[in-house]
Amino acid sequence: MGVLSLRAPNVYRHGTRAAVVALWALACVAGLMALGQYENTPGRSAEVTNQWPAGTEIVRNSAGPTLVMFAHPRCPCTRASIAELERVVAQSGGTIHPQVVFFTPSGMSQGWEQTDLWQSAAAIPGVEVSNDLDGSEAKRFHATTSGHTVLYDADGTLLFTGGITSARGHQGDNAGRSAVVSLLRSGTAECRDAPVYGCPIVTSLDPSVKSLCP
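The model shown is predicted, which means the values in this text are computed figures rather than measured ones.

**Things to note about the confidence of the model for the chain**
Interpretation of this model should avoid reading the predicted coordinates in detail wherever pLDDT is low. When the pLDDT values of the chain are averaged, the result is 82; 72% of them are 70 or greater. The secondary structure element of the chain with the lowest average pLDDT is helix 1 (residues 2–39), at 53, and the one with the highest is strand 1 (residues 66–71), at 98. Here residues 28–39 is a poorly scored stretch, pLDDT under 50, and it has six contacts once near neighbours within four places are set aside; other chains count. Note that residues 204–214 has pLDDT below 50 and, in this model, 26 contacts with residues that lie over four places away or in other chains.

**Regarding the nonpolar core**
Leu85, Val100, Phe102, Leu151, Phe160 and Val180 are the most contacted members of the largest nonpolar core, which totals 26 residues. Contributing elements (two or more residues each) for this core: strand 1, helix 2 (78–92), strand 2 (97–104), helix 3 (116–122), strand 5 (158–162) and helix 5 (175–186). Each residue touching Phe102, except ones within four places of it in the same chain, is listed here: Ala71, His72, Pro73, Leu117, Trp118, Ala121, Val129, Ser130, Asn131 and Asp132. Membership of the second largest hydrophobic core comes to 14 residues, among which are Ile58, Val68, Phe141 and Ala143.

**Some remarks on the environment of Gly156**
Within the secondary structure, Gly156 sits in the loop between strand 4 (148–152) and strand 5. Separated by 90 residues in the primary sequence, Gly156 and Thr66 have C-alpha atoms spaced 8.4 Å apart. Setting aside residues up to four positions removed in sequence, Gly156 forms contacts with Asn50, Gln51, Trp52 and Arg60.

Cut-offs applied
- Residues numbered from 1 in each chain as written.
- Predicted model: local features only at pLDDT ≥ 70, side-chain atom pairs only at ≥ 80, totals over all residues.
- Heavy atoms only, no water.
- pLDDT = per-residue confidence, 0-100.
- Helix = DSSP H or I, 4+ residues; strand = E, 2+ residues; numbered from the N terminus.
- Contact = heavy atoms within 4.5 Å.
- Core = buried A, V, L, I, M, F, W, Y, C linked by side-chain atoms within 4.5 Å.
- Buried < 20%, exposed > 50% of the residue type's maximum accessible area, 1.4 Å probe, protein only.

What follows is the structure, given as structure tokens:
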């Protein structure tokens, strides 16, 4: 009986330690699953007009395609979108007029929108960067998620709408970027829209998703 009484606390401690380790492992797995789900969950998207919106102050190139990316200057997911945009521009052969329009709420201090994302976009050759006060331009184009990219032809007809990353903050081959590059090179693509992965820009629009895929 004495031996049993001495070993019982050790058995209890080992059992408690094993239970704590098991709970910790389950928490880690749950956290990884939640992170994976978040990274692969696209942002809200709304129906984008098939023709260049009236009243916009964004200049459309009448001699070739115009690409516009709408972005939030403080969205960490958008770093990947800017990096993919650089690849698109490099592969376009100078055939597009690329622009990045950054959401800027009124009442903020001067330069609030000029973050590292702004600087990264401005450093891409040929890219024009501008601010979008209170998201007025994003509303005209119905862009609600940072990284939303639209491509219009010289006549102002929509060619592509959506994101150019495969997940939140992920760089690499993806359907959106491939579609844009294909449209610029050959005028065709297997799909003309893609999910947008990023932070919300404008939250007052009701999402109405429209697929341009066949």
